[in-house]
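# Structural description and commentary
Okay, here's what each chain looks like letter by letter:
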Amino acid sequence: MLLKNKRFLPLFITQFFGAFNDNMLKTAIMAFITYNLTLNRDHEGMLLNFISILFILPFFFLSATAGQLADKYHRDKIAKILKCAEFILMVLTAIAVFFKFYSGLIIILFFMSIQSAFFGPVKYSIIPQHLEECELIEGNAIIDGATYFSILLGTILGAHITSPEITVGILVFCSLLGMLSSFKIPSAPAPRPDLTMSFNIFKTIKLTLKKISEIRSIYITILGLSWFWALGAVIL
């Protein structure tokens, strides 16, 4: 079983707690605004929509650049750096809650989404480096299933735990577990170390979309996945 395999388990734990923290933090902030801040209905709705947009923007604008980064540098090292950054952000979250600096939580959430946008390509590109071809379907299924479950769990707990102190305690603890497990991810060398990085994000997005459109099976798959996540976001 892959979950008992040292090639796979550290990555599984790392990505599970990362997705959990993202969604617990986002949902907790939105629940706090809904039930604790004195806002009229219009201002509350605008702020909640702003938070949702702020959370998703880095995935749209930075994913292509993150993919280049994952091709140029050691993927296991990138994962370690990103998980250390996540732990620091969760500690800052605890500090913001302690000093009641609630507007700072929205800034932290934005940086968390940037961290997640860069971790996504690393997470999926490491899998074929560590697993045999016959293990890829099982590995992807486990990672995806765990991601959906962690999103659901983080969303539920973020909305139902009423104590900010307990919430940040869970966030810090889970980020610590994710960081420690990332140190155990086996080496994943860069496949294209000579790649020239483009820091023009719009040019990179355009190039990526062009390449995607040339392979119909991938293009249709991405459209399906995009519809799935869009529908999920609307329902939430």
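For the structure itself, look to the data block above.
Numbering of residues starts from 1 in each chain and follows the order in which that chain's sequence is written. Local features in a predicted model are, by the rule used here, given only for residues with pLDDT of at least 70; side-chain atom pairs are given and counted only at 80 or more, and totals for whole chains, interfaces and linings are based on all residues. In computing side-chain properties, one takes all heavy atoms of the structure into account and sets aside hydrogens as well as water.

## Description of the pattern of salt bridges
- One speaks of a salt bridge when a side-chain nitrogen belonging to Lys or Arg is within 4 Å of a carboxyl oxygen belonging to Asp or Glu. Inspection of every chain in the model, using the stated rule, returns six salt bridges.
- The partner of Lys-80 in a salt bridge is Asp-76, with the nearest N and O atoms 3.5 Å apart. Within this pair, Lys-80 and its partner Asp-76 are both found in helix H3 (residues 75–98), separated by four residues, close to a single helical turn.
- The exposure class assigned to Lys-80 is buried, which follows from its relative accessible area of 19%. Secondary structure elements are defined from DSSP: runs of H or I of at least 4 residues count as helices, runs of E of at least 2 residues count as strands, and each element is numbered from the N terminus. Partly exposed residues are those whose accessible area sits between 20% and 50% of the maximum for their type, while under 20% is buried and over 50% is exposed, using a 1.4 Å probe and protein chains only.

## Here we look at the packing of aromatic side chains
- Ring geometry is summarised as follows: Phe, Tyr and Trp rings, the Trp one being its six-membered ring, pair when their centres sit within 6.5 Å, and such pairs are stacked at plane angles under 30 degrees, edge-to-face over 60 and tilted between the two. One pass over the structure, following the stated rule, counts 12 aromatic pairs.
- Ring plane angle 50° and centroid distance 5.7 Å describe the contact between Tyr-148 and Trp-229, whose orientation is recorded as tilted. Here the residue Tyr-148 occupies a position in helix H5 (residues 136–160), and Trp-229 occupies one in helix H8 (residues 216–235), the gap between them amounting to 81 residues.
- Classification of Tyr-148 by relative accessible area gives partly exposed; the value is 34%.
- By the ring-pair criterion, three or more aromatic residues cluster together here, those being Phe-8, Phe-12, Phe-16, Phe-17 and Phe-149.
- The ring of Tyr-73 has Lys-72 lying over it, and the distance from NZ or CZ to the ring centre is 5.7 Å.
- A cation over a ring is seen here: Lys-83 above Phe-119, with NZ or CZ 4.4 Å from the ring centre. Only Lys NZ and Arg CZ are tested; either one counts as a charge over a ring when it is within 6 Å of the ring centre and within 35 degrees of the ring normal.

## A few points about the side chain of Thr-155
- Relative to the helices and strands, Thr-155 resides in helix H5.
- Its relative accessible area of 15% is what places Thr-155 among the buried residues.
- The term polar contact refers here to a pair of N or O atoms within 3.5 Å; inside protein, the definition further demands a hydrogen-donor-capable atom paired with an acceptor-capable atom, and it admits residues adjacent in sequence only when both atoms are side-chain atoms. A polar side-chain atom of Thr-155 sits 2.7 Å from the main-chain carbonyl oxygen of Ile-151.
- Throughout, a residue-residue contact means that at least one pair of heavy atoms, one from each residue, lies within 4.5 Å. Those residues in contact with Thr-155 that lie beyond four places of it in its chain are Asn-23, Thr-27 and Leu-236.

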